[in-house]
Amino acid sequence: MDGNFSSAANTRSTLGYLDGKNKTSTSLSTNIIILVNDVPVGAIKELSIKERREVKMIDELGTDGHIDSVPTKSTDVSGTCQRLRFDALRITEAFGRSFLHLASQVYPFDIVVLDRNRRAGNKISTVIKNVWFTDLDTRLSADDWLIQDNVSFVAETIYSVLTSSKAGSLVGNSAATGRDLGLITSGPFNTEDAVDIERVVDTGSGGRRGSLDSGGLLDIVDFSSNVF
């Protein structure tokens, strides 16, 4: 046992509190709310978010094995959403837009995924920034009369912050805290332009949409600290 809870012997997964009280540690989708312009989007069956980054392995003559690796392209953000047609809303209308067909979209919008699995002050808001719909299809079937709309989308960037207890306002605090296991996720990743650049980008602070445009990347590790 360590910290203020008991844990599994091999993995440190939480089993209960140190004083013997029971504890639930599994996050549930019933505590996730999808928001557009602060309005909940109802009847969603599934939301999928994908982040993809290309990484190039560096090889050399005379060596069997990669000697380095480096990203070669900005991170792409995409996703899909399935929604039951409900409240007489098609899926584009449910996302607060005044069109039914893809060709009509003229500007992007934001999707906020609010994780309420923790109490006020520890809730996580993930902002999918500047979303464009890329695919739209509707399922009509004689075997199942329910109508389902499906969309695919791309976005410019994504970031997460802790949500304060005041009217759901967003604050710039990092949501990557290590949580119940107390993992140390903040490192001495200091660069010319920012302190702990990973947290800066992760919270969308300073308009940053990636970490590799920050100076001093080759000197990023402070060897006096315990880093990976």
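Provided above is the structure to which this section pertains.
Basis of the calculations
- One numbering rule holds for all chains: residues counted from 1, following each sequence as written.
- At least 70 in pLDDT is required for a residue's local features to be given in this predicted model, at least 80 for side-chain atom pairs to be given and counted, and no such filter applies to totals for whole chains, interfaces and linings, which use all residues.
- Side-chain descriptors were evaluated using all non-hydrogen atoms of the structure, hydrogens and water having been removed beforehand.
- Pairing between strands is defined by DSSP: at least two bridges between the two strands are required.
- Every helix listed is a DSSP run of H or I at least four residues long, and every strand listed is a run of E at least two residues long, numbered separately from the N terminus.
- Every patch collects residues that have over 30% relative accessible area and no salt bridge, joining them within 9 Å if they carry like charges and within 5 Å if they are nonpolar side chains (Val, Leu, Ile, Met, Phe, Trp, Tyr).
- Accessible surface is estimated by sampling points in the Shrake-Rupley manner with a 1.4 Å probe; for residues, cover comes only from the protein chains shown.
- Put simply, a salt bridge is a Lys or Arg side-chain nitrogen that is within 4 Å of an Asp or Glu carboxyl oxygen.
- Categorising residues by exposure relies on relative accessible area from a 1.4 Å probe, with only protein chains included: less than 20% of the type maximum marks a residue as buried, more than 50% marks it as exposed, and the intermediate range marks it as partly exposed.
- Polar contact criterion, stated in full: a pair of N or O atoms within 3.5 Å, where within protein one must be able to donate a hydrogen and the other to accept it, and residues adjacent in sequence count only if both atoms are side-chain atoms.
- Here, residues are in contact when the closest pair of their heavy atoms is within 4.5 Å.
- Classification of ring pairs uses Phe, Tyr and Trp, with its six-membered ring standing for Trp, and accepts pairs whose centres are within 6.5 Å; under 30 degrees between planes counts as stacked, over 60 as edge-to-face, and the remaining range as tilted.
- The rule is short: NZ of Lys or CZ of Arg within 6 Å of the ring centre and within 35 degrees of the ring normal puts a charge over the ring.

Glancing now at the sheet that holds strand 3 (residues 32-36). Sheet strands associate in pairs through backbone hydrogen bonding, adopting either a parallel or an antiparallel arrangement. Across the sheet, seven strands lie side by side as 4-3-9-10-11-8-5; this open sheet has antiparallel pairing. The sheet is open, and its two edges are formed by strand 4 (39-40) and strand 5 (44-52), each paired on a single side. Sheet topology places strand 5 next to strand 8 (residues 76-84); eight bridges connect them, and they run antiparallel. Of the residues in strand 8, the one forming a bridge with Leu-47 is Cys-81.

Before going further, it helps to examine a nonpolar patch on the surface. Residues Ile-58, Ile-67 and Val-70 make up a contiguous nonpolar surface patch of about 210 Å² in total accessible area. If you trace the backbone, Ile-67 turns up in the loop between strand 6 (55-58) and strand 7 (68-71). Classification of Ile-67 by relative accessible area gives partly exposed; the value is 45%.

Its place among the elements puts Gln-105 in the loop between helix 1 (91-94) and strand 9 (109-115). For Gln-105, a relative accessible area of 9% corresponds to the buried category. Only 3.2 Å separates the side chain of Gln-105 from the backbone oxygen of Val-131, close enough to count as a polar contact. If we skip the residues at most four places from it in the chain, Gln-105 touches Arg-97, Phe-99, Val-131, Trp-132 and Phe-133.

Our next topic: unusual backbone geometry. Positive phi values are uncommon outside glycine, yet Asn-37 reaches one of about 55°. Checked against the element boundaries, Asn-37 lands in the loop between strand 3 and strand 4. On the basis of relative accessibility, which here comes to 65%, the residue Asn-37 falls in the exposed class. In this model, Asn-130 sits at a positive phi of 60°, which is unusual for a non-glycine residue.

It is worth spelling out the pattern of salt bridges at this point. In total, this model carries nine salt bridges according to the counting rule given. A salt bridge links Arg-209 to Glu-156, with the nearest nitrogen and oxygen atoms 2.4 Å apart. With Arg-209 in the segment after helix 2 (197-202) and Glu-156 in strand 11 (residues 148-163), this pair connects stretches of sequence that are 53 residues apart. Ionic pairing is found between Arg-208 and Asp-193, a salt bridge with its closest N-O pair at 3.6 Å. Here the residue Arg-208 occupies a position in the segment after helix 2, and Asp-193 occupies one in the loop between strand 11 and helix 2, the gap between them amounting to 15 residues. Taking the relative accessible area as the measure of exposure, Arg-208 reaches 17% and is therefore buried. By sharing partners, the salt bridges in this structure join Asp-193, Arg-208 and Asp-213 into a single network.

Right, let's talk about the pairing of strand 11 for a bit. On a regular strand, each side chain points to the face opposite its neighbour's, so the side chains alternate between the two faces of the sheet. Along strand 11, twelve of the 16 residues are buried, which leaves the element largely enclosed by surrounding structure. Summarising the sheet, strand 8 and strand 11 pair through eight bridges and their orientation is antiparallel. For Gln-82, the partnering residue across the bridge sits in strand 11 and is Asn-150. Of the pairings in the sheet, the one linking strand 10 (residues 123-139) to strand 11 comprises 15 bridges and is antiparallel in character. For Ser-125, the partnering residue across the bridge sits in strand 11 and is Val-161.

Here we take up the environment of Lys-50. Structurally, the position occupied by Lys-50 is in strand 5. By relative accessible area, Lys-50 is classed as partly exposed at 49%. Taking the C-alpha atoms as reference points, Lys-50 and Val-154, 104 residues apart in sequence, are found 9.3 Å from one another. Among all residues touching Lys-50, those that are not within four sequence positions of it are Asp-76, Val-77, Ser-78 and Gly-79.

In this structure the tally under the stated criterion is four aromatic pairs. A centroid spacing of 6.0 Å and a plane angle of 50° characterise the contact between Phe-95 and Phe-109, whose relative ring orientation is tilted. Taken as a pair, Phe-95 in the loop between helix 1 and strand 9 and Phe-109 in strand 9 lie far apart in primary sequence, 14 residues in all. For Phe-95, a relative accessible area of 2% puts it in the buried group. Here the aromatic cluster, defined as three or more aromatic residues joined through ring pairs, consists of Phe-95, Phe-99, Phe-109 and Phe-133. A cation over a ring is seen here: Arg-97 above Tyr-107, with NZ or CZ 3.9 Å from the ring centre.

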